[in-house]
Amino acid sequence: TVEGLAAIIGVYTVVLAVAVLAAVPLRRWLGSAAVGGLGMLLFAVASVMCGVSDGLTGLLVSRALQALGAGLGLVAGYELLSRTAPGDGPD
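Everything in this summary refers to the structure shown in the same document. (Residues numbered from 1 in each chain as written. Predicted model: local features only at pLDDT ≥ 70, side-chain atom pairs only at ≥ 80, totals over all residues. Heavy atoms only, no water.)

### Notes on the overall build of the protein
Line of reasoning, step 1. Across its full length, the protein holds three helices and zero strands.
Line of reasoning, step 2. Secondary structure elements of the protein, listed N to C terminal, follow the sequence α-α-α.
Line of reasoning, step 3. For the protein, whose C-alpha radius of gyration is 16 Å, the value lies well above the compact-globule estimate of 12 Å for 91 residues.
Line of reasoning, step 4. Each of the 91 residues in the protein was classed as buried or not, and the buried ones make up 26%.
Line of reasoning, step 5. Within the protein, contacts between residues at least 6 apart in sequence are counted, and of these 78% link residues at least 24 apart.
Line of reasoning, step 6. Taken as a whole, the protein presents about 5800 Å² of accessible surface, with 72% of it coming from carbon and sulfur.
Line of reasoning, step 7. On the protein, the mean spot of the 4 positive side-chain charges and the mean spot of the 5 negative ones are 8 Å from each other. (Helix = DSSP H or I, 4+ residues; strand = E, 2+ residues; numbered from the N terminus. Rg over C-alpha atoms; globule rule 2.2 N^0.38 Å. Buried < 20%, exposed > 50% of the residue type's maximum accessible area, 1.4 Å probe, protein only. Contact = heavy atoms within 4.5 Å. Areas by Shrake-Rupley, 256 points an atom, 1.4 Å probe, with all protein chains shown as cover. Lys, Arg positive; Asp, Glu negative; His and termini not counted. Charge placed at Lys NZ, Arg CZ, Asp CG, Glu CD.)

So this is what it looks like as structure tokens:
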């Protein structure tokens, strides 16, 4: 249904926003590699869960877990991409 699709998109968006905010201190504590790896693993597992879910409730829970993993991965990825090697910055 249209309402179900809106719920799927809404859950993902809200959880992603909260996950990004929560991931920043977690990244400082555990490091970017650990947080990014955990996020991508969670995203992959949740993707499989989305694929095998047979109802809206299972899909909503799986999408929330996907968003949590994506939030962790995004924060770690942005931090890793912002690093520059010595000598690569502006002169």
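### A few points about the packing of helix 2 (residues 32-52) against helix 3 (residues 56-82)
Line of reasoning, step 1. Running from N to C, helix 2 and helix 3 cross one another at 155 degrees; their axes reach a closest spacing of 7 Å. Taken together, the axis directions place helix 2 and helix 3 in an arrangement best described as roughly antiparallel. The handedness of the crossing between helix 2 and helix 3 comes out as left-handed.
Line of reasoning, step 2. Class assignment of the residues belonging to the contact of helix 2 with helix 3 gives a composition of 15 nonpolar, eight polar and two charged. (Axes fitted to C-alpha atoms, helices over the stretch in contact; angles between N-to-C directions. Parallel < 35°, antiparallel > 145°, perpendicular 65-115°, else oblique. Left-handed = near helix turned anticlockwise from the far one by under 90°. Nonpolar A, V, L, I, M, F, W, Y, C, P; charged D, E, K, R; others polar.)

### Side note on a nonpolar patch on the surface
Line of reasoning, step 1. A grouping of L41, V45, M49 and V61 is seen on the molecular surface, where their side chains present a nonpolar patch of about 330 Å² in accessible area.
Line of reasoning, step 2. Here the nonpolar patch gets three residues from one element, more than from any other, and that element is helix 2.
Line of reasoning, step 3. Position of M49 relative to the elements: it lies in helix 2.
Line of reasoning, step 4. The exposure class of M49 is partly exposed, given its relative accessible area of 32%. (Patch = residues over 30% accessible without salt bridge, like charges linked within 9 Å, V, L, I, M, F, W, Y side chains within 5 Å. Salt bridge = Lys/Arg side-chain N within 4 Å of Asp/Glu carboxyl O.)

### Observations concerning the environment of L21
Line of reasoning, step 1. Here L21 is to be found in helix 1 (residues 2-30).
Line of reasoning, step 2. The exposed category is assigned to L21, whose relative accessible area is 67%.
Line of reasoning, step 3. With 40 residues separating them in the primary sequence, L21 and V61 have C-alpha atoms 20 Å apart.

### Looking at helix 2
Line of reasoning, step 1. Between the first and last C-alpha of helix 2 there are 30 Å, a value that for 21 residues agrees with the 30 Å anticipated at 1.5 Å per step.
Line of reasoning, step 2. As for helix 2, its buried residues are in contact with helix 1 and helix 3. (Expected span 1.5 Å × (residues − 1).)

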